[in-house]
Amino acid sequence: MKILVTGGAGYIGSHTCVELLDGGHDVVVYDNLCNANEGVLDRVEHITGKRPVFVRGDIRDAEAVEAALRQHACTAIIHFAGLKAVGESVEKPLMYYDNNVVGTMRVLEAAAKTGVRQFVFSSSATVYGEPKFLPFTEEHPTAAMNPYGKTKLAAEGMIEAFAVAVPTCKVALLRYFNPVGAHESGLIGEDPKGIPNNLMPYVTQVAAGRRTHLNVWGNDYDTPDGTGVRDYVHVVDLAKGHVRALDTMAEKGESLTVNLGTGKGYSVLEIVKAVEVASGKTIPTKIGPRRFGDLPAYWADTALAEKLLGWKAERDLAAMCRDSWNWQSKNPDGYV
Ligand code: NAD
Ligand code: WQD
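Figured I'd write up the structure that's included with this text. Since the structure is predicted, the reported quantities are computational estimates derived from the model, not experimental observations.

Definitions and limits used
- Residues numbered from 1 in each chain as written.
- Chains lettered and ligands numbered in written order.
- Predicted model: local features only at pLDDT ≥ 70, side-chain atom pairs only at ≥ 80, totals over all residues.
- Heavy atoms only, no water.
- Pairing = 2+ DSSP bridges.
- Helix = DSSP H or I, 4+ residues; strand = E, 2+ residues; numbered from the N terminus.
- Axes fitted to C-alpha atoms, helices over the stretch in contact; angles between N-to-C directions.
- 1 Å grid on protein atoms, 1.4 Å probe; cavity = no way out; pocket = protein on both sides within 12 Å on 5 of 7 lines; lining within 4 Å.
- Points joined across faces, edges and corners; volume = space filled by probe spheres on them.
- Nonpolar A, V, L, I, M, F, W, Y, C, P; charged D, E, K, R; others polar.
- Salt bridge = Lys/Arg side-chain N within 4 Å of Asp/Glu carboxyl O.
- Near = heavy atom within 4 Å.
- Polar contact = N/O pair within 3.5 Å; in protein donor to acceptor, adjacent residues only side chain to side chain.
- Areas by Shrake-Rupley, 256 points an atom, 1.4 Å probe, with all protein chains shown as cover.
- Buried < 20%, exposed > 50% of the residue type's maximum accessible area, 1.4 Å probe, protein only.

## Details of the sheet that holds strand β4 (residues 76–79)
Ordered in space as β3-β2-β1-β4-β5-β6-β11, the 7 strands form an open sheet in which the pairing is parallel. Where the open sheet ends on each side, the last strands, each with one partner, are β3 (53–56) and β11 (256–260). Put simply, the sheet's adjacent strands are angled 20° from each other on average, direction ignored. Pairing between strand β2 (residues 26–31) and β3: 4 bridges, direction parallel. Across the sheet, the residue bridging to V28 is V53, located in β3.

Below you can see the structure in the form of structure tokens.
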């Protein structure tokens, strides 16, 4: 299959390109590089022995997306491109709606015009909002709590409506939990700009001596050690989930909405301990106040992903921390 991967130069996108190329697919990366480095393509080529085609462009430019789809005769789209910082989305909501909702609309328009009928979308567990029950099943009510999450929900709704209107079009809405880790080669990984918002890159930067300590956002939650609990999932497992979603849509001719997580939750302090073990470094922590908008704990129900996709995360917390640290220690300043 020839697949247009929007946002394919980014963190999850680059790992998915590796799995697609290793699986014998052809890949066209479409990315404006607003949060990525073109050098990632060399690294993907180094790992797989194949170089993805690269088109530098913005997803909001429907004509350019359409031209890329036509020129390379793509038959499927995996749509990663978007903005993902929750705090920034509160400050700049219109920028988020423009990129994540209008951008998705433009990509769908291009799909409609070019007859592309398979579409995979990067959604997020953040669409569930406050847990009414745990683990989160796909039937859990959705109630995103911040502009970022609301753009994901709006995009999901638009994609579902498109699939109803164009019944030959099959869509996969993949709701990721907390992606961490890196390719085991240490050649590609997460490269946040500035101060990381997310826990894992922050912790590995502390281990590397780039930051003095981790601020633990709250230790008075109703969780076993008082710190927040999340379902961390290895990015390579996540990448493989995308390949399974494409295969499943092709095999069964069905659209799907599934969680991609491990089904297990770990606390902030458990992550700190596991990275200490993986890195052999001590990670100083300071307990701070709760971070505004954070939930105490959530994790995925993984039964549907197993049943529909035959997909189950295989890499455990030790592997996630080992690979995050391997990437961080081999690339102290990220892609340079
Ligand atoms: P990332 O920032 O590393 O990758 C996003 C890529 O999209 C980047 O390469 C960026 O340059 C590109 N991009 C952004 N806006 C674009 C535009 N207008 N036109 C073209 N390219 C554009 O982020 P990621 O962690 O790889 O996330 C990928 C997707 O998964 C995003 O949609 C994100 O919302 C979603 N997601 C991420 C997480 C997470 O914690 N990382 C969790 C759930 C969902
Ligand atoms: C994890 C835990 C923090 C940083 C976010 C988005 C979500 C999804 C994934 C895209 C929490 C604690 C963190 C720090 C800390 N992204 N923490 N000190 O908040 O679960 O999810 O990323 O879809 O939408 O909201 O991930 O890694 O930021 O936090 O104590 O410096 O670590 O309070 O309990 P989160 P995270």
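So, next bit.
## As for empty space enclosed by the protein
Summed over all chains, the structure comprises 2 cavities of 30 Å³ or more. Put simply, the largest cavity is a space of about 160 Å³. Looking at the largest cavity, it is lined by 19 residues, and the ones nearest its centre are E190, P201, T204, W327 and Q328. Broken down by secondary-structure element, the contributors of at least two residues to the lining of the largest cavity are α7 (199–207) and α11 (317–330). In terms of residue count, the dominant contributor to the lining of the largest cavity is α7 (4 residues). Taken together, the residues that form the lining of the largest cavity break down as 8 nonpolar, 7 polar and 4 charged. Of the volumes computed, that of the second largest cavity is approximately 40 Å³. Along its surface, the second largest cavity is lined by H79, A81, G82, N100, T104, F121, T151, K152 and A155. Of all the secondary-structure elements, those providing two or more residues to the lining of the second largest cavity are α5 (93–114) and α6 (147–165). Top contributing element to the lining of the second largest cavity by residue count: α6, with 3 residues.

## A word on the pattern of salt bridges
Two side chains of opposite charge can pair, provided their charged atoms sit close to one another. Throughout the structure, instances matching the rule amount to 15 salt bridges. Each of D42, E45 and R51 takes part in one network of salt bridges that share partners.

## What to know about the site of ligand 2
Lining the immediate surroundings of ligand 2 are 19 residues, of which Y148, L199, N215, R230 and D294 lie closest. Interatomic distance of 2.5 Å between a side-chain N/O atom of R230 and an oxygen atom of ligand 2. Compared with its free state, where it exposes 680 Å², ligand 2 has 89% of that area covered by protein. Grouping the constituent residues of the shell around ligand 2 by class yields 9 nonpolar, 7 polar and 3 charged.

## Side note on the site of ligand 1
Taken together, 28 residues are adjacent to ligand 1, and D31, N35, F80, N99 and Y148 come closest. N32 places a polar main-chain atom, nitrogen or oxygen, 3.2 Å from a nitrogen atom of ligand 1. Here ligand 1, which alone exposes 820 Å², has 96% of that area covered by the protein. Going through the elements one at a time, α1 (11–22), β5 (118–124) and α6 are the ones with two or more residues in the shell around ligand 1. By residue number, the principal contributor to the shell around ligand 1 is β5, which donates 3 residues.

## Re unusual backbone geometry
The omega torsion of the bond from L134 to P135 falls at -5°, within 30 degrees of zero and hence cis. Along the chain, P135 turns up in the loop between β5 and α6. Here the phi dihedral of L33 falls at roughly 65°; this positive angle occurs in a residue that is not glycine. Note that L33 resides in the loop between β2 and α2 (40–48). The backbone phi angle of A73 is positive, close to 50°, even though this residue is not glycine. When you line up the elements, A73 lands in the loop between α3 (62–71) and β4. For A73, a relative accessible area of 53% corresponds to the exposed category.

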